[in-house]
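Listed here are the chains, written in short residue letters.
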Amino acid sequence: MSRLKELFAKKGKNVLNVYCTAGFPQVNSTLPVMEALQENGADIIELGMPYSDPLADGAVIQNSSTIALQGGMTLSLLFEQLKPMRNHIHIPVVLMGYMNPVLQYGFEKFCADAAAAGVDGLILPDLPPFEFETTYKAIVDRYGLSFIFLVTPETSEERVRKLDALSSGFLYAVSSSSTTGNEKDFSAVEQYLERLQHYGLNNPVLVGFGIKDQDTFSRACKYANGAIIGSAYIKALDGQTDLAAATRHFIKNVLG
Amino acid sequence: MQVSYKQPDEQGYYGEFGGAYIPEMLYRNVEELRENYLKIIADPAFQKEYQLLLTDYAGRPTPLYYAARLSEKYGTNVYLKREDLCHTGAHKVNNTIGQILVAERLGKKRIIAETGAGQHGVATATVCALKGLECIVYMGEKDIERQAPNVARMKMLGATVIPAKSGSKTLKDATNEAIRDWINNPNDTFYIIGSVVGPHPYPDMVARFQSVISKEIRTQLAEKIGTELPRAVIACVGGGSNAAGTFYHFLDEPSVGIYAVEAAGCGIDTHMSAAATQLGKPGILHGSKSFLMQTPDGQVEEPYSISAGLDYPGIGPMHANLFVTGRGTFLNATDQEALDAAFELAKLEGIIPALESAHALAALNKVSFAKDDHIVVCLSGRGDKDMETYMNVMGAKR
């Protein structure tokens, strides 16, 4: 059984997925940050591959990507860094990033290297379902990787079902139709998550965007299998020298 | 299957380029547009209002001017399509008039746009004032500094100009910020893209609105020389909207040469250039697959050109297809060659062109045509906004 499947079979509720940017805050801090996340109770790590033009992300994550790129982070370096990952990291790891760097690296080589490093799944927000189905799905499947699509409050039921059918691992519910890090009224989000619950989807649902503390985390978890934290954690790492302590403090604040 | 160079297939592909590589957060808005734009454009009431505005408001048809002294110098017959005489000073208004009418019919109340040189921003602010709609223009911080008169024009027209402070602080970053705004305002906002870039259906929609340029050229040539078809059409390409409009009705006429001129900046090999087909590789930016200047690691490179309107690391997918299929000939002109062409046109014809358009004129030095050929160059905009650059050149010469 894949790590993601195993996780959701064991723990159906309150799954905590934390996003970190590879090569942030220092180019060599990728694995130490992942270890700190695992140690302090994260269930999944979403590892961001920095890109110069991250459309679906807000300023905080773009800024962390810029710092990582200035530090010399590349996909080749990242896979080099991830080689010993599975000696220490036992929780599922999904890579999140944008299509262009992946295409330049070579989509198949990318999947092969990700699988070899022990990566469990991919999130590529600017790869739409049509191109995924017609060109890339077979490759992703060949390397045994999960592929995770996003849904938003504006996504129709029919389309949610289609994206659910194409996804494996989990479905990523964007809590408001917004770039990461924006705060919006949470009650509209709750209605939307309730609606998703009633669809009876194949995949577990994790809620992303706008989750930052114990209150928002537990409210998101009421209607979903768990939640994803991104910008808030990146902010918490910014300017910190003791990354383990900053991570411990941050996750304690979320899990209570 | 490629049926025409003019239009993409149903998924928005021109050959292997185009598509809609957008995050799910943009899907509903883009899909709403994709489902409706052809129906809206075909509607007789839309066409009536669009044509009336093009005529009475934008000043169309623009003249097709036989440039006698320029023709003499280059030993061929050169015609200038005078888009510089459009209201707001460039071809950009052809597109913004079309898109504001589409936005209105989709019930949108808030208009956003990106701009490089400020020409598209001004053209958008103009039509928003015309329709009484809120207008927000994203513009790179660096471009705000170098295009101050256009910033003032947008403000006078009632638009809010928001500086894009990320990345290279130019057109590509202004586009990122505009797309983010659209993601954050999914219900009431319409994004008026200024070039033949972005996710499908934008490249096709913008090309259709700009195609009035080549439609008029055909009619005007027929009146002047008795045939609708010139030997060649020449236009500058940044994203490529004036080029798309100039080429459009000639793309499926094999006898007509298609010449696209990119900005070489300081020179192709200097790392200070914006010639996307020469320096780029296929890649994805702003929602479509096309030629893109990028690092070996797939990070988008910062382009350079003296002309803010050509300072873009990519090129519209239609043009990428013209490039790889060989249907179009892709040339490039350096900053200096463009400046020389601008001063030459001023002295020979009494017309001060925009720096962007000067790149197209520079191609006359690069291709030789026969004495009885008829060549059309798109003079996409006028040079008022570039006077500071021109004054610096004149100052340096003194």
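Residues numbered from 1 in each chain as written. Chains lettered and ligands numbered in written order. Predicted model: local features only at pLDDT ≥ 70, side-chain atom pairs only at ≥ 80, totals over all residues. Heavy atoms only, no water.

S.K.: Help me understand the sheet that holds strand β6 (residues 134-140) of chain B in this model?
M.R.: Think of a sheet as strands paired side by side through backbone hydrogen bonds, with each pair either parallel or antiparallel. All names here are of chain B. Strand order in the open sheet made by the four strands is β7-β6-β5-β8, with parallel pairing throughout. Two strands lie at the open edges of the sheet, namely β7 (160-164) and β8 (189-192), each paired on one side alone. Strand after strand, the sheet turns through a mean of 25 degrees between neighbouring axes, direction not considered. Sheet topology places strand β5 (residues 110-115) next to β8; four bridges connect them, and they run parallel. Note that in β8 the partner of Ile 111 across the bridge is Phe 190. In the packing of helix α5 (residues 119-131) onto the sheet, the strands contacted are β5, β6 and β8, and the crossing angle to β5 comes to about 165 degrees. (Pairing = 2+ DSSP bridges. Helix = DSSP H or I, 4+ residues; strand = E, 2+ residues; numbered from the N terminus. Axes fitted to C-alpha atoms, helices over the stretch in contact; angles between N-to-C directions. Contact = heavy atoms within 4.5 Å.)

S.K.: Just checking my understanding: could you explain the packing of α5(B) against helix α7 (residues 148-156) of chain B for this structure?
M.R.: How two helices pack is summed up by the angle between their axes together with the distance between the axes. All names here are of chain B. Contact pair α5 / α7: the axes reach a minimum separation of 9 Å and the direction vectors enclose 10 degrees. Between α5 and α7, the angle is such that the two are roughly parallel. Relative to α7, the crossing made by α5 is left-handed. Residue-level contacts link Gln 119, Gly 121, Val 122 and Ala 125 of α5 to Asn 150, Arg 153 and Met 154 of α7. (Parallel < 35°, antiparallel > 145°, perpendicular 65-115°, else oblique. Left-handed = near helix turned anticlockwise from the far one by under 90°.)

S.K.: Please explain the packing of aromatic side chains as it appears in this structure.
M.R.: What characterises a pair of aromatic rings is the spacing of the ring centres plus the angle enclosed by the ring planes. Under the counting rule described, the total for this entry stands at 22 aromatic pairs over all chains. Centre to centre, the rings of Trp182(B) and Tyr191(B) are 5.8 Å apart; their planes meet at 70 degrees, and the pair counts as edge-to-face. Owing to a relative accessible area of 3%, Trp182(B) belongs among the buried residues under this scheme. Taking the centre distance of 5.7 Å and the plane angle of 90 degrees together, the rings of Tyr259(B) and Phe369(B) count as edge-to-face. Within this pair, whereas Tyr259(B) is found in strand β10 (residues 257-265), its partner Phe369(B) is found in the loop between α15 (355-362) and β14 (374-379), the two being separated by 110 residues in sequence. An identical accessibility class is assigned to Tyr259(B) and Phe369(B); each is buried. Among the aromatic residues, those joined into a ring-pair cluster are Phe17(B), Phe291(B), Phe323(B) and Phe330(B). Over the aromatic face of Tyr27(B) sits the side chain of Arg159(A), whose NZ or CZ is 3.2 Å from the ring centroid. (Phe/Tyr/Trp six-rings, centres within 6.5 Å; stacked < 30°, edge-to-face > 60°. Buried < 20%, exposed > 50% of the residue type's maximum accessible area, 1.4 Å probe, protein only. Lys NZ or Arg CZ within 6 Å of the ring centre and 35° of its normal.)

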